[in-house]
Structure formats: structure tokens, C-alpha cells
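So the chains spell out like this:
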Protein chains: 2
Amino acid sequence: MTRARRMADIEPFHVMALLARARELEARGMSIIHMEIGEPDFISPGPVIEAGHEALRAGAMHYTPASGLPRLREAISGFYRDRYGVQVDAGRIIVTPGASAALQLVMAVLVDPGRQVLMADPGYPCNRNFVRLVEGIPVGIPVDATSSYQITPAQARDYWTDEVVAMIVASPSNPTGTLLDSRQLAALYTVANEHAGHLIVDEIYHGLTYGVAAHSALEVSSRIFVINSFSKYFGMTGWRLGWVVAPEDFVEDLDKLAQNLFLSAPTLSQHAALAAFHPDTLSILEERRDEFRARRDFLLPALRETGFRIPVTPQGAFYLYADCSRFTGDSYRFALNLLEDAGVAITPGIDFGSNRPESHVRFAYTTSMENLREGVNRLRRCIDPVRTC
Amino acid sequence: MTRARRMADIEPFHVMALLARARELEARGMSIIHMEIGEPDFISPGPVIEAGHEALRAGAMHYTPASGLPRLREAISGFYRDRYGVQVDAGRIIVTPGASAALQLVMAVLVDPGRQVLMADPGYPCNRNFVRLVEGIPVGIPVDATSSYQITPAQARDYWTDEVVAMIVASPSNPTGTLLDSRQLAALYTVANEHAGHLIVDEIYHGLTYGVAAHSALEVSSRIFVINSFSKYFGMTGWRLGWVVAPEDFVEDLDKLAQNLFLSAPTLSQHAALAAFHPDTLSILEERRDEFRARRDFLLPALRETGFRIPVTPQGAFYLYADCSRFTGDSYRFALNLLEDAGVAITPGIDFGSNRPESHVRFAYTTSMENLREGVNRLRRCIDPVRTC
């Protein structure tokens with residue numbers, strides 16, 4: 001039976017096959033250390049859960065406006081003021097069913113068929129598919145350690161032809177955990193501006209930075225599209241709630257598209273998220289940030305000592321993007337073998353693009369220090385420069 | 001600044017402007033009877049809310065598999081067995097963030113740029129935009145009372161050119177509340193089959209039928225795409241949860257697209273929905289169905305007596321699609337005047353297509369009998385064949 005051609009270009013997450021295999025092995029009683037999972041292992045902070053109960057008791061379960069509860073949009077605006085010292089009108093904030101929906105809305109509003117969107121390779125795998133969905137062309141720019149895996153202004157200029165309408169960057173980045181500072185963001189925005197194009201900045205790992213305060217692209221310009229989420233820093237993945245801050249003249253289009261595509265974001269999640277900015281919540285989140293930092297500070301040197309090359313110390317997110325070419329020329333097979341032989345699950349490079357994926361794997365430190373220690377021990381027992389497992 | 005051309009074709013819900021005006025009037029102390037709202041006025045059934053509390057207590061707030069909790073897919077499969085006597089493998093059921101997401105997935109998987117999808121006009125307004133999003137062409141087939149506002153097999157054959165890949169029908173339909181019986185569904189499926197195309201059936205108002213049991217298209221063929229939702233019958237709108245049942249060879253594509261576009265449906269909602277099929281829940285839902293039926297049985301003759309033409313008695317959903325040409329040649333202006341002068345909010349025909357929208361309005365009986373009575377009284381005072389308000 002016929003199906004759309006785009007389906008041939010859209011790949012599943014390859015880690016899903018690994019995950020399915022991990023579940024099989026676990027069902028047989030094998031212990032698996034999960035270092036492939038892209039979400040915090042913590043449950044949502046207590047005040048968020050309590051706000052969820054409260055919303056259930058209050059019967060808050062009908063549709064909200066497509067752009068979100070006005071009170072939540074105001075609260076997000078307040079967060080930008082308090083944390084970044086930047087004034088963001090609540091009317092420019094559109095609450096979405098996860099950052100996924102925010103990314104989709106922005107691509108759908110900006111990208112005509114055949115037009116290109118620039119993005120780092122390696123990068124978040126769904127971005128290219130949001131572009132492909134609307135018949136645009138995702139263009140991966142190969143990035144490496146020399147630029148902390150971020151697109152440089154020089155690269156952006158090189159790639160920015162007449163076909164390009166936008167560039168998306170992420171700070172901190174998935175899978176590399178690296179940041180863009182304000183100067184770099186401003187320089188990239190300048191390039192977009194020179195071409196009358198758009199800059200989209202994915203800030204969904206904001207808050208999860210270690211030893212450095214991430215700057216929002218909104219400090220650079222109110223003309224930048226900024227994507228954020230309650231999933232990672234706020235620990236609310238399964239609630240499916242994110243937002244986009246848009247230039248004022250795009251709000252109406254984003255709103256009407258949100259009406260049509262999503263009707264509204266989950267209502268309970270929106271009510272629960274009102275508690276996300278409470279001082280008690282933020283103090284819990286800061287403790288968790290410290291925990292993530294301790295995990296990074298353990299895992300990074302441990303992996304380096306084991307023989308993985310991680311040339312840039314990531315300052316954010318909860319990922320380490322590691323060159324495994326000392327052990328393998330086929331990182332997918334390598335990840336599969338690690339799973340079968342060592343009981344350690346990691347994500348193969350192929351999920352993040354086509355820039356030397358066979359030489360890279362991603363480790364997520366979204367599991368306890370105890371598990372990370374055990375995972376590293378297993379890696380060491382299994383990885384032997386002579387007999388690679 | 002540049003934006004995608006599709007945005008010029010995608011319209012906002014026109015009722016939103018009316019709703020905004022209604023809120024203004026309410027803020028000034030005016031009483032408004034809301035007969036424009038497309039969701040049940042009831043909160044979710046008690047067992048569903050209790051399951052939500054339970055999931056919060058259990059910390060069920062991480063991502064689920066993209067296709068949904070296996071237990072929920074099994075429960076939906078069981079519902080098809082119990083209610084329709086049809087065997088649907090749980091593996092063919094993909095749980096989505098609302099039926100909205102299900103509709104989007106199906107259109108994205110089936111429709112190439114420039115290819116057409118047939119749909120009834122009047123019909124659910126978002127359908128044409130799901131098609132437009134992926135650069136397909138929605139083709140509205142004008143329907144009227146002679147076919148109970150449903151596409152006939154003869155019409156489907158007339159419109160089914162080489163450019164057509166699929167047809168979507170809804171039973172019960174929004175805005176008309178009319179049904180397709182099994183024989184009609186089979187006939188439409190035959191037409192789709194003759195052209196090696198697809199039939200998509202929107203069953204989101206199933207359960208809300210009065211004096212007749214709706215048949216699922218899955219009783220006709222396992223090759224039909226069926227969309228359903230926990231929103232309407234199950235009273236879970238704001239939880240944003242729906243599903244699609246797909247032919248087996250499309251499941252993999254739908255799953256990989258769901259991974260990329262949505263990651264997963266809201267986790268709490270999925271856990272809460274496990275209680276939706278409990279006998280206690282179903283008995284609450286049956287009482288509510290009786291209440292909706294009583295409302296229809298009051299409102300339908302009352303509107304007819306007032307001078308609205310409603311030639312077909314709708315057997316499902318909670319809408320009455322009324323010809324208002326006796327009062328106006330501009331149903332949008334008419335709706336606005338009713339709001340300002342009578343304090344009654346209804347939806348203008350323009351939200352449902354371009355087939356004589358200026359002569360039609362939609363009434364929703366999603367408010368109490370008391371409110372409906374008051375609404376009708378206000379209409380009667382205001383609508384005067386001599387001085388139309």
C-alpha cells in the first residue's frame with residue numbers, strides 16, 4: 001500500500017532496538033546498567049507532584065487555551081526576569097505539549113518545501129525530522145571538538161545559501177553537553193540576520209550546567225526563537241510540557257497552528273508546572289544539579305581512563321559524547337556487544353547524525369552514582385585493547 | 001520576516017475570536033450561555049481521577065514507549081473485543097497525545113506533497129490543516145442533509161482521481177452529529193480499495209450515540225485506519241490522550257514518527273486511562289450519555305420551533321448543525337450579535353468549511369439542561385423574524 005516518501009527518510013531511534021534487547025535480557029534476569037536514557041532518573045519535585053494532586057482535586061482537566069494557561073505564561077515570563085534578568089512579554093510565550101511540539105510548530109511556521117535548515121551534526125536526532133515532515137531539507141554541519149561541537153559563525157556563513165531559512169543550535173547540546181556563550185550566540189544571530197533568516201535556540205537543558213551559568217539567547221535578541229521545556233531541569237519528562245518564546249509577529253501564526261495541531265497542552269501538567277518555579281522546587285532542583293555535576297565529575301575521568309576520547313569537558317546536560325574508535329570501527333555493534341557481554345546500555349552515534357557516528361557513543365549519567373561505578377567497572381572488565389568485547 | 005506559505009492557508013478557529021469577546025463580556029458581569037464548547041462539561045469520572053492520584057503517588061511520570069504503555073494498548077484491545085466483538089491486536093494500537101496527534105501521524109505517513117485527501121464539508125476543521133501541514137491538498141466534498149451530511153460512495157467515486165491517496169470520514173460527525181452505519185462504511189472502504197487508497201475513520205465521538213449503537217470501522221476491515229480518543233465519551237479532554245488503530249504494515253512507520261514528533265503521550269494520562277474501561281467508570285459514562293441524550297431531545301425541537309432548520313436528527317456527538325438562513329445571510333455576524341445581544345455563544349459555520357457556512361451555525365449541548373433552557377429563552381427573545389438581532 002502507498003505511503004508518503006518522507007517515511008523512507010525518517011529513521012527510528014536506533015537505541016530503541018538496543019533498549020528492546022535490554023528489556024529482553026532483563027526479563028531473563030540479567031542486570032543492565034542503563035546509561036542510554038535521556039531523562040533524569042529522579043521523579044518530579046514534591047511541590048510539582050502536590051500541585052498535580054491539587055489540580056486533580058480541583059477538577060482542572062478541561063482544555064486550556066491553545067497557547068497555555070495565562071498564569072503559566074506569566075510564571076515563565078517571571079522566570080526569565082528572575083533568572084536571566086531579561087524582560088519577556090508573556091504574550092510571546094506559547095506553552096506546548098513538550099519541547100517536541102514547540103520545535104514542530106517553529107519548523108512548520110518557518111520552512112517551505114525545499115528550503116533548508118542548518119543544524120549541527122552530531123545533534124538532536126528529531127530536528128532533521130521536524131524539517132523533513134514539512135518537506136524542508138535539514139542540512140547537517142559537521143562539528144567537532146575544535147569548536148566544542150557547536151556551529152561556528154564562519155561555518156554558518158559558508159553554509160547559508162539562498163535556500164536556507166533558519167539555523168537551529170542547542171546550548172547545552174545533546175549529545176555533546178557543550179554550551180554557546182552570549183558572544184557566540186550573538187555572532188550566530190548576526191549571520192542569520194545578514195541573510196534575513198531565523199535563529200532557533202534549543203535551551204531545554206538550561207539549568208543543568210556545571211560551574212557556569214548558561215545565558216539565554218533572549219538576552220541577545222527578542223527576534224530569536226527560543227525553545228525550552230519542563231522535562232530536563234524541572235524533572236517533568238512524562239508530563240509533556242515545554243514552551244517556545246517567539247518574536248512578537250510570529251505569535252499569531254504559532255497560536256493558530258497550535259490550535260489546529262494540538263488543541264492545547266495537557267491541563268494537569270500546566271497546573272503542576274505552576275509549582276515548578278516555587279523556591280522550594282528550585283532548591284530541590286539545585287540539589288539535583290549538584291548530583292548531576294558529581295556524576296559528571298566521576299564519569300568523565302573514568303571513561304577517559306578507560307580509553308574513550310572525550311576531548312571537550314561538557315559543561316551541561318547529562319551526556320558525554322565519547323570517541324570509541326580505539327575500540328571499534330562500528331559503534332552500533334560495539335554498543336550491542338557492551339549490552340550483551342557487559343550489561344551496559346549506551347546510545348550509538350548513529351542516532352545523532354552522519355558525522356563519524358561509527359566512532360562515537362553517548363553516555364547518559366541519568367542513573368545513580370552507584371550504578372555509574374558499577375557500569376564503569378563492567379566496561380573496564382569488558383573492554384580490553386587486545387580483545388574488544 | 002519570511003515564513004512558510006502554508007501559514008496563509010491555515011485558519012485559526014474563528015470561534016476563538018467570539019470566545020475572547022465572550023470572556024470580555026463576562027468580565028464586565030454579563031451572563032453568557034456557552035453553547036460553542038466542544039468538550040463535555042463534566043469532569044473526568046471518579047475512577048479516572050483516582051487513578052491519576054495513584055499514578056502521582058507511584059511516581060509514574062517518566063517517558064513511556066512512544067506507542068504507549070503496553071497495558072493500556074492491551075486495555076484498548078480488550079475494549080474493542082468487549083464493546084464491538086472485534087479482535088484488534090494490541091500491537092496495532094498506538095496511543096497518542098490526543099486524537100490530534102493520531103490524525104497528524106496518519107496524514108504524515110500517507111500523504112505526499114500535492115496528493116489529495118477527501119473529506120466532508122462541513123467537517124472537523126483541523127483535518128484540512130493536518131493535510132496542508134505536510135503539503136498535501138485537502139479536498140472538501142460538499143455534503144448536505146440528503147446524505148445525512150456524510151460522503152456517499154457515489155461522491156467518493158466522483159472525486160477519487162489519481163491524485164487522491166485517502167479519504168477521511170467521521171462517525172459520529174462534528175459538526176453534524178450524524179453516523180455512518182456498517183453498510184455505508186463498507187461501501188466507502190470498497191471505493192478506497194478500488195483505487196488502492198486508504199480510508200481513515202474518525203470515531204472520537206463513539207460512545208456518545210443515542211438510540212443506536214455505533215459500529216466501528218474495524219468491524220468492516222483491519223485495513224482501515226481508525227482514530228479514537230479518551231476526550232469525549234470518556235470525558236478526558238485536557239488529559240490529551242487518544243489512539244490510532246492501523247493496518248499492521250503501517251505500525252512501524254507510525255511508531256517511528258511518534259518517537260520523533262511526540263516522544264510519548266502524557267504518562268499520567270495513560271495511567272489514568274487504565275481506569276477508563278473499569279465497569280464503575282463505564283456506568284458513570286452511560287449515565288452521562290443519558291444526560292446528553294436528554295439535552296439533545298430538549299434542544300433539537302426547541303431550536304426547530306425557534307426557526308432553525310435541522311433537517312436530520314443527529315444520533316451522536318453533542319452538536320446540532322443548524323441552518324440559520326431564515327435569520328441571516330451572515331452566520332458569523334449572526335453569532336456575534338447573539339453573543340452581544342442575547343448572551344448566547346455558538347460557533348459560526350465558517351469553522352467547518354466552505355460549503356454554505358454563512359447559512360449555518362453549530363450548537364453544542366455541552367452545558368446543563370438549565371443553561372440550555374435559558375439559552376433557548378434568550379434566543380427566542382432575541383430572534384424575531386421581523387427584527388433579527
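## Considering the interface of chain A and chain B
Across the boundary between the two partners, chain A contributes 58 residues, which contact 57 residues of chain B. A per-element tally of the side of chain A that touches chain B places helix α9 (residues 251-262) of chain A first, with seven residues. Here the residues of the side of chain A that touches chain B are counted per class, giving 31 nonpolar, 17 polar and 10 charged.

## A word on the domain arrangement of chain A
All names here are of chain A. Domain annotation for chain A reports domain 1 (6-43 + 281-382) and domain 2 (59-277). Computed from C-alpha coordinates alone, the two centres of domain 1 and domain 2 are separated by 25 Å. Taken residue by residue, the interface counts 33 residues in domain 1 and 37 residues in domain 2. Broken down by secondary-structure element, the contributors of at least two residues to the side of domain 1 that touches domain 2 are α1 (6-9), α11 (279-306), β9 (319-323) and β12 (360-364). At eight residues, the largest contribution of residues to the side of domain 1 that touches domain 2 is made by α11. Tallied by class, the residues present in the side of domain 1 that touches domain 2 amount to 16 nonpolar, eight polar and nine charged.

## Re unusual backbone geometry
With an omega of -5 degrees, the peptide bond running from S171(A) to P172(A) counts as cis. Positive phi is not limited to glycine here, since R356(A) has a value of about 55 degrees. Mapped onto the fold, R356(A) is located in the loop between β11 (347-348) and β12. A positive phi is found at Y149(B), a non-glycine position, where the angle reads about 60 degrees. If you trace the backbone, Y149(B) turns up in the loop between β4 (137-142) and α7 (153-159). Overall, the presence of 24 C-beta atoms within 10 Å leaves Y149(B) in the buried class.

## Looking at the sheet that holds strand β3 (residues 116-121) of chain B
Sheet strands pair via backbone hydrogen bonds, and the direction of the pair is either parallel or antiparallel. Residue and element names in this part refer to chain B. Pairing in this open sheet of seven strands is mixed, and the strands run β2-β8-β7-β6-β5-β3-β4 from one edge to the other. Looking along the sheet, the strands with just one partner apiece sit at the ends: β2 (93-96) and β4. For this sheet, the mean angle separating the axes of adjacent strands, direction not counted, is 25 degrees. Here four bridges tie β3 to strand β5 (residues 164-170), and the two strands are oriented parallel to one another. The residue bridging L118 from the neighbouring strand is M167, located in β5. Sheet contacts for helix α6 (residues 125-133): β3, β4 and β5; angle to β4, the most-contacted strand, approximately 150 degrees. Running at roughly 150 degrees to strand β6 (residues 198-202), helix α8 (residues 182-194) makes contact with β5 and β6 of the sheet.

Quick notes on the rules
Residues numbered from 1 in each chain as written. Chains lettered and ligands numbered in written order. Predicted model: local features only at pLDDT ≥ 70, side-chain atom pairs only at ≥ 80, totals over all residues. Contact = placed C-beta atoms within 7 Å. Helix = DSSP H or I, 4+ residues; strand = E, 2+ residues; numbered from the N terminus. Nonpolar A, V, L, I, M, F, W, Y, C, P; charged D, E, K, R; others polar. Domains from an automatic or database assignment. Buried ≥ 20, exposed ≤ 12 C-beta atoms within 10 Å, placed from the backbone. Pairing = 2+ DSSP bridges. Axes fitted to C-alpha atoms, helices over the stretch in contact; angles between N-to-C directions.

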